[in-house]
Amino acid sequence: MPRFFCFLLPRVHAADVAAAQTPPSSSSSTSPAPGPTSSTLPSNIGKPELPDTGWERIRDLFDRDETMQYPEELTNIMKNCFVGAVAGFLYGGLPAARFARQRYIQVSQAEVYRGRVDAVRSSHHAAIRGFLRYGWRWSWRVSLIVTLFSSVSTGLSVYRDKDVLSNYVAAGVVTVGLYRLNLGLRGLVAGSVIGAVLGVPTGALILGLQRLMGETFRERRRRERRELYELKLKEWSARLHMTDELITSLDVGSQLEETSKDMQRIQELLGSNNSEESNN
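Residues numbered from 1 in each chain as written. Predicted model: local features only at pLDDT ≥ 70, side-chain atom pairs only at ≥ 80, totals over all residues. Heavy atoms only, no water.

### Some remarks on the overall build of the protein chain
- Within the protein chain, the regular secondary structure consists of 8 helices and 0 strands.
- Of the regular secondary structure in the protein chain, the N- to C-terminal order runs α-α-α-α-α-α-α-α.
- The 280 residues of the protein chain split such that 21% are buried.
- Contacts in the protein chain between residues at least 24 apart in sequence constitute 66% of all its contacts with a sequence separation of at least 6.
- When the accessible surface of the protein chain is summed, it comes to about 20,500 Å², and 62% of that surface belongs to carbon and sulfur atoms. (Helix = DSSP H or I, 4+ residues; strand = E, 2+ residues; numbered from the N terminus. Buried < 20%, exposed > 50% of the residue type's maximum accessible area, 1.4 Å probe, protein only. Contact = heavy atoms within 4.5 Å. Areas by Shrake-Rupley, 256 points an atom, 1.4 Å probe, with all protein chains shown as cover.)

Written out as structure tokens, the structure reads:
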């Protein structure tokens, strides 16, 4: 086994196991150190806790579940980033391709081609170059804006544990303000105002769609988190009960074994005494 996995597994020393299984011996032998009682729990069995503070909920966003998957909030941010990149690429690339093709046809009126196929191929190449050049310019910008807006709004919703319009307004202020920060203080202020104005209809649209589904995203996540906590609490109680029964059975078994050993020793001593008396 690699040494890295040894740090992930709970360490159990032989002395601890022996102390836990050895009962108090008879008065003739040396009494060992008292082992842990049945009420002592192993360190790797802890009661599940429901995150109550905002920072705990933020920290849980970066923890994987039992199936090694990230929470839905984080995957939604990644999906929004991808969708924004594709939408920006199409929004900037398609008009640029059409304009580049028309521009190439206008400029190359005096050029001589081998045939119609060669002329059409050259115009298509010009359209593809324009599509890729301007599509990439719009793609990373739209993806950056969508990712910033989604990250800030999701972070505020998780921290405050509620979906309100102010989360999206604040996300718009931060997103557009940071995007226009290269223009100086005036660009920062103007971008913040524009972001706040755009955040109101965007947030209203998102909240309206969530209301139509019966419950908001945070309400559904709160319900799922409560159900998961109750399930883990039941599992923890079952493990605790099983651990207590196991420790009790080990104590009883070790006591019976020591009792049988003491009886055998007494019988041996009595047998030796009887043999000595018969010889005398």
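### Side note on the environment of S150
- Within the secondary structure layout, S150 lies in helix α5 (residues 116–160).
- On the basis of relative accessibility, which here comes to 7%, the residue S150 falls in the buried class.
- Apart from residues no more than four positions distant in its own chain, S150 is found in contact with I77 and N80.

### A word on the confidence of the model for the protein chain
- Chain-level pLDDT for the protein chain is 75 on average; 68% of the residues reach the 70-or-more range.
- The spread of mean pLDDT over the elements of the protein chain runs between helix α2 (residues 14–21), the lowest at 41, and helix α6 (residues 165–179), the highest at 90. (pLDDT = per-residue confidence, 0-100.)

### Details of the packing of aromatic side chains
- In the structure shown here, the tally under the stated rule is 4 aromatic pairs.
- Measuring from centroid to centroid gives 5.1 Å for F89 and F131, while their planes differ by 75°, and the two rings are edge-to-face. Taken together, the residues F89 in helix α4 (residues 72–107) and F131 in helix α5 connect sequence positions 42 residues apart.
- Geometrically, the ring pair formed by F149 and Y168 is tilted, given 6.2 Å between the ring centres and 35° between the ring planes. (Phe/Tyr/Trp six-rings, centres within 6.5 Å; stacked < 30°, edge-to-face > 60°.)

### Some thoughts on the UniProt feature "transmembrane region" (unreviewed entry) in the protein chain
- Here the UniProt feature "transmembrane region" (unreviewed entry) sits at residues 138–159 and 188–213.
- Taken end to end, residues 138–159 is 100% helix and 0% strand, and its two terminal C-alpha atoms sit 31 Å from one another.
- Secondary structure content for residues 188–213 is 96% helix and 0% strand, and the end C-alpha separation is 36 Å. (UniProt positions renumbered as here; feature names shortened; annotations may be inferred.)

### Some thoughts on helix α7 (residues 185–212)
- End to end, α7 covers 40 Å across 28 residues, agreeing with the expected 40 Å (1.5 Å per residue, within 8%).
- Taken as a whole, α7 carries its principal kink of about 25° at G199; the proline P201 stands between one and four residues after it.
- Just downstream of α7, G214 is the residue with a positive phi angle, here 105°. (Expected span 1.5 Å × (residues − 1). Bend = angle between axes of the 7 residues up to and from the residue.)

### Re a positive patch on the surface
- Together, R129, R133, R137 and R141 make up a positively charged patch on the protein surface.
- Positionally, R137 belongs in helix α5.
- Residue classification places R137 among the partly exposed positions, given a relative accessible area of 41%. (Patch = residues over 30% accessible without salt bridge, like charges linked within 9 Å, V, L, I, M, F, W, Y side chains within 5 Å. Salt bridge = Lys/Arg side-chain N within 4 Å of Asp/Glu carboxyl O. Lys, Arg positive; Asp, Glu negative; His and termini not counted. Charge placed at Lys NZ, Arg CZ, Asp CG, Glu CD.)

### What about the side chain of T175?
- Following the sequence through the fold, T175 ends up in helix α6.
- Using a relative accessible area of 2% as the deciding quantity, one classes T175 as buried.
- Not counting chain neighbours up to four residues away, the residues in contact with T175 comprise I145, L148 and F149.

### Brief notes about a nonpolar patch on the surface
- A cluster of nonpolar side chains, contributed by F82, V83, V86, L90 and L94, occupies part of the molecular surface with about 480 Å² of accessible area.
- Relative to the assigned elements, L90 resides in helix α4.
- By relative accessible area, L90 is classed as partly exposed at 42%.

### Structural notes on unusual backbone geometry
- The phi torsion at D161 lies on the positive side, around 60°, for a residue other than glycine.
- You can see D161 is positioned in the loop between α5 and α6.
- Using a relative accessible area of 14% as the deciding quantity, one classes D161 as buried.

### Concerning the pattern of salt bridges
- Counted according to the given criterion, the structure contains 1 salt bridge.
- The salt bridge partner of R223 is E227, with a shortest N-O separation of 3.7 Å. Residue R223 and its partner E227 are located together in helix α8 (residues 217–279), separated by 4 residues, close to a single helical turn.

### Focus: the packing of α4 against α5
- Two numbers describe how α4 lies on α5: the axes approach to 4 Å, and their chain directions differ by 155°. Regarding the angle of α4 to α5, the classification is roughly antiparallel. Taken as a pair, α4 and α5 cross one another with a handedness that is right-handed.
- Each residue belonging to the contact of α4 with α5 can be placed in one class, and the counts come to 22 nonpolar, 16 polar and 2 charged. (Axes fitted to C-alpha atoms, helices over the stretch in contact; angles between N-to-C directions. Parallel < 35°, antiparallel > 145°, perpendicular 65-115°, else oblique. Left-handed = near helix turned anticlockwise from the far one by under 90°. Nonpolar A, V, L, I, M, F, W, Y, C, P; charged D, E, K, R; others polar.)

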